[in-house]
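A look at the structure
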Amino acid sequence: QVQLVESGGGLVQAGGSLRLSCAASGRTFSSYAMGWFRQAPGKEREFVARLNWSGSSTYYADSVKGRFTISRDNAKNMVYLQMNSLKPEDTAVYYCARGVVAGTRQSDYDSWGQGTQVTVSS
C-alpha cells in the first residue's frame, strides 16, 4: 500500500503563490497517474489536476487552468502542484492521490494523502 504525504500548504494573500509537494512511498510510483483534488469547507471534494505516469500528459479543472501546474519527479517519488495567482476561492484542503487511471473522478484514484490546508486571504 502506498503512502502519500502532502506538504507546502499555508496562508497566502490573494495573487500570491504556493507550491504543494506530495511524497510517495513504494517502488511502483512511476507506474501510476497522480492527481490533486481539493475540498473547501461545506463543499464536495473536487478535481484540480492530474498527470500520467511519465508527466507527458496533464489535465486541469477549468477553475485553475493557466494558474496551476502539476508536475512529477519519478526519481524522487514526488508530485508537485505549483499554484500561482491564488484567489480566495482556492482556499481548501488539498489532497494528492494515486490514480488507477489518469482520470478526473475520485473513483479513478485508489490511495489518498491526509491533505494540506491552503488558505488565501483577500
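For the structure, check the block above.
Residues numbered from 1 in each chain as written. Predicted model: local features only at pLDDT ≥ 70, side-chain atom pairs only at ≥ 80, totals over all residues. Heavy atoms only, no water.

1. Brief notes about the pattern of salt bridges
Within the structure shown, the criterion is met by 6 salt bridges. Residues R38 and D90 are paired through a salt bridge, measuring 2.9 Å at the closest nitrogen-oxygen approach. On the criterion of sequence distance, the pair formed by R38 in strand β4 (residues 33–39) and D90 in the loop between β8 (78–83) and β9 (92–99) is long-range, its members being 52 residues apart. Each member of the pair, R38 together with D90, is buried. Among the charged side chains, a network of salt bridges with common partners joins R38, E46, R67 and D90. (Salt bridge = Lys/Arg side-chain N within 4 Å of Asp/Glu carboxyl O. Helix = DSSP H or I, 4+ residues; strand = E, 2+ residues; numbered from the N terminus. Buried < 20%, exposed > 50% of the residue type's maximum accessible area, 1.4 Å probe, protein only.)

2. Some remarks on the state of the cysteines
Inspection of the entire model under this criterion finds 1 disulfide. At a sulfur-sulfur separation of 1.9 Å, the disulfide partner of C22 is C96. Judged by the sign of its S-S torsion, about 45 degrees, the cystine formed by C22 and C96 is right-handed. Of this pair, C22 sits in strand β3 (residues 18–24) while C96 is found in strand β9, placing the two residues 74 residues apart along the sequence. (Disulfide = S-S within 2.5 Å.)

3. A short note on the packing of aromatic side chains
One pass over the full model with this rule turns up 5 aromatic pairs. One aromatic cluster in this structure is built from F37, F47, Y59, Y109 and W112. Positioned above the aromatic ring of Y95, the side-chain terminus of R45 is 4.0 Å from the ring centre. Geometry around W112 places R45 over its ring, the cationic atom sitting 4.6 Å from the centre. (Phe/Tyr/Trp six-rings, centres within 6.5 Å; stacked < 30°, edge-to-face > 60°. Lys NZ or Arg CZ within 6 Å of the ring centre and 35° of its normal.)

4. As for the sheet that holds strand β7 (residues 68–73)
Read across the open sheet, the 4 strands follow the order β1-β3-β8-β7; overall the sheet is antiparallel. With partners counted over all chains shown, the strands left at the sheet margins are β1 (4–7) and β7, one partner each. Sheet twist, expressed as the mean angle between neighbouring strand axes with direction ignored, is 15 degrees. Across 6 bridges, β7 lies against β8 in antiparallel orientation. (Pairing = 2+ DSSP bridges. Axes fitted to C-alpha atoms, helices over the stretch in contact; angles between N-to-C directions.)

5. Some details on unusual backbone geometry
The phi dihedral of N77 falls on the positive side, at around 55 degrees, and the residue is not glycine. Note that N77 resides in the loop between β7 and β8. For S85, which is not a glycine, the phi torsion comes out positive at approximately 50 degrees. When you line up the elements, S85 lands in the loop between β8 and β9.

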